[in-house]
Amino acid sequence: MGRVISFVSLKGGVGKTTLSASLATELANTYGKRVLLVDGNYSAPNLGLHMDIISPGKTVHDALSSSRTRMSAAVHEKYNVDVIPGNFMFNRDFNPMKLRAKLASLKRGYDFVIIDSSPALNEEIISSMLASDSLFLVSTPDYPTLSCSMKITKVARNRGAEISGMILNRVHKGNSQISLGEVQESVGVPVVAKIMENRKVNLSLYHRIPMPLFSRKSQFSKEVGKLAAAMIGIKEKKKGWFSRPGKEDVNREMLRESFYSSIFEN
Ligand SMILES: Nc1ncnc2c1ncn2[C@@H]1O[C@H](COP(=O)(O)OP(=O)(O)OP(=O)(O)O)[C@@H](O)[C@H]1O
Ligand SMILES: [Mg+2]
């Protein structure tokens, strides 16, 4: 039975879609996992652009608008990942709240289902939360995003959703931004990956090739690789004797233990 996770934030442009596409590609290509990647950003769907699926036939919108269209009809295979893209131009009524039910039988064929969610605090983000077993918060280290991260954490916890960790993305070198410790303490969610700002990320989007395939050796891809490894229970190699593990390394070890034990429970 596939474990369903969503990348969430209340702020646009923090990297949810980039991370969803990258983690899915990493789990499928490095670890041979069966992954379903779903566009849950119904107002501004762009997962297809990240996964090089430009003009799909059936989409998540078709499945959510008709009881006769199964979700499986909207699956498009790319980079060894099964992708359910959205349709920018969709102009009929659809019901995001059907997402959970529509994924129920399909998820049995996968190890992971990854939902790229919307930053809009309405039924778009709620549909991703309700369909998921756990959430990953995506944040950047600045005060406006931090306040949004605090709010979405509250919304998620009020709904009983499990937040497995936070990805701190677009971190700059130097001390011009809020520290990882301060972000973690304010939001109350452990940071399980710290990803640096990297010009290659935009280049990979331009070429429509997810980062783990486009720039395997980048810090971005290495960090996504460590997150993927933790999610499937693989232990990280210890750093050299002289380098101390960061907070995110320690948190990821805890994530590995909790994800691993929950796989055995299911
Ligand atoms: N670590 C990074 N370094 C540099 N650029 C990045 C990084 N992560 C993401 N980006 C860039 O930031 C932009 C926004 O990323 P993305 O579309 O994934 O955000 P999002 O959270 O999904 O936004 P939205 O909520 O609007 O859907 C993209 O142009 C992407 O290439
Ligand atoms: Mg997005």
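Residues numbered from 1 in each chain as written. Chains lettered and ligands numbered in written order. Predicted model: local features only at pLDDT ≥ 70, side-chain atom pairs only at ≥ 80, totals over all residues. Heavy atoms only, no water.

Engineer: What's the story with the overall build of the protein in this structure? I'm lost.
Structural biologist: Counting its secondary structure elements, the protein contains 11 helices and 8 strands. The C-alpha atoms of the protein give a radius of gyration of 17 Å, which matches the 18 Å a tight globule of 266 residues would have. Across its three principal axes, the protein shows a C-alpha extent of roughly 60 × 40 × 35 Å. The buried share of the protein, taken over its 266 residues, is 52%. For the protein, the proportion of contacts with a sequence separation of at least 24, taken over those separated by at least 6, is 77%. Accessible surface computed for the protein: about 12,900 Å², of which carbon and sulfur atoms make up 50%. Averaged over its 37 positive side-chain charges, the protein has a centre that lies 2 Å from the centre of its 24 negative ones. (Helix = DSSP H or I, 4+ residues; strand = E, 2+ residues; numbered from the N terminus. Rg over C-alpha atoms; globule rule 2.2 N^0.38 Å. Buried < 20%, exposed > 50% of the residue type's maximum accessible area, 1.4 Å probe, protein only. Contact = heavy atoms within 4.5 Å. Areas by Shrake-Rupley, 256 points an atom, 1.4 Å probe, with all protein chains shown as cover. Lys, Arg positive; Asp, Glu negative; His and termini not counted. Charge placed at Lys NZ, Arg CZ, Asp CG, Glu CD.)

Engineer: Where do I start with the pattern of salt bridges in this structure?
Structural biologist: Should the charged atoms of two oppositely charged side chains come close, the side chains can pair. What the rule picks out here adds up to 11 salt bridges. Measuring nitrogen to oxygen at the nearest pair gives 3.7 Å for the salt bridge that ties Glu-223 to Lys-226. Residue Glu-223 and its partner Lys-226 are both found in helix α10 (residues 219-231); the two are separated by 3 residues, about one turn of the helix. Overall, the relative accessible area of 5% leaves Glu-223 in the buried class. Here Glu-253 and Arg-256 are joined by a salt bridge, their closest N and O atoms 2.7 Å apart. (Salt bridge = Lys/Arg side-chain N within 4 Å of Asp/Glu carboxyl O.)

Engineer: Can you help me understand the packing of helix α6 (residues 143-158) against helix α7 (residues 180-187) in this one?
Structural biologist: The packing of two helices is summarised by the inter-axis angle and the distance between the axes. At a minimum axis distance of 9 Å, the contact between α6 and α7 shows a crossing angle of 35°. Along this stretch, α6 crosses α7, giving a crossing that reads as right-handed. Residues Tyr-143, Leu-146, Ser-149, Met-150, Thr-153 and Arg-157 of α6 form the contact with α7, whose participating residues are Glu-182, Val-183, Ser-186 and Val-187. Grouping the constituent residues of the contact of α6 with α7 by class yields 5 nonpolar, 3 polar and 2 charged. (Axes fitted to C-alpha atoms, helices over the stretch in contact; angles between N-to-C directions. Left-handed = near helix turned anticlockwise from the far one by under 90°. Nonpolar A, V, L, I, M, F, W, Y, C, P; charged D, E, K, R; others polar.)

Engineer: Help me understand the packing of aromatic side chains, please; the structure alone is not making it clear to me.
Structural biologist: To describe a pair of aromatic rings, you give the distance between the ring centres and the angle between the ring planes. Under the definition given, this model contains 4 aromatic pairs. With a centroid separation of 5.7 Å and 55° between ring planes, the pair formed by Tyr-42 and Phe-94 is classed as tilted. Placement of the pair is Tyr-42 in the loop between β2 (35-40) and α2 (47-50) and Phe-94 in the loop between β4 (81-84) and α4 (99-103), with a sequence separation of 52 residues. For Phe-94, a relative accessible area of 28% puts it in the partly exposed group. Plain terms: the ring middles of Phe-90 and Phe-94 are 6.1 Å apart, the flat faces sit at 80° to each other, and that makes the pair edge-to-face. Pairwise contacts between aromatic rings join Phe-7, Phe-136 and Phe-259 into one cluster. Above the plane of the ring of Phe-259 lies Arg-3, whose end atom (NZ or CZ) is 3.8 Å from the centre. Here Lys-78 stacks its cationic end above the ring of Tyr-79, 5.2 Å away from the centre of that ring. (Phe/Tyr/Trp six-rings, centres within 6.5 Å; stacked < 30°, edge-to-face > 60°. Lys NZ or Arg CZ within 6 Å of the ring centre and 35° of its normal.)

Engineer: Is there a simple way to think about the pairing of β2 in this case?
Structural biologist: Burial analysis of β2 places 6 of its 6 residues in the buried class, which makes it a mostly covered element. Neither face of β2 is exposed, since Val-35, Leu-37 and Asp-39 on one face and Leu-36, Val-38 and Gly-40 on the opposite face are all buried. Relative to strand β5 (residues 112-117), β2 runs parallel, the two sharing 6 bridges. Each residue of the ladder has a partner; that of Leu-36, found in β5, is Val-113. (Pairing = 2+ DSSP bridges.)

Such coordinate-based values are descriptive only and should not be taken to indicate function.
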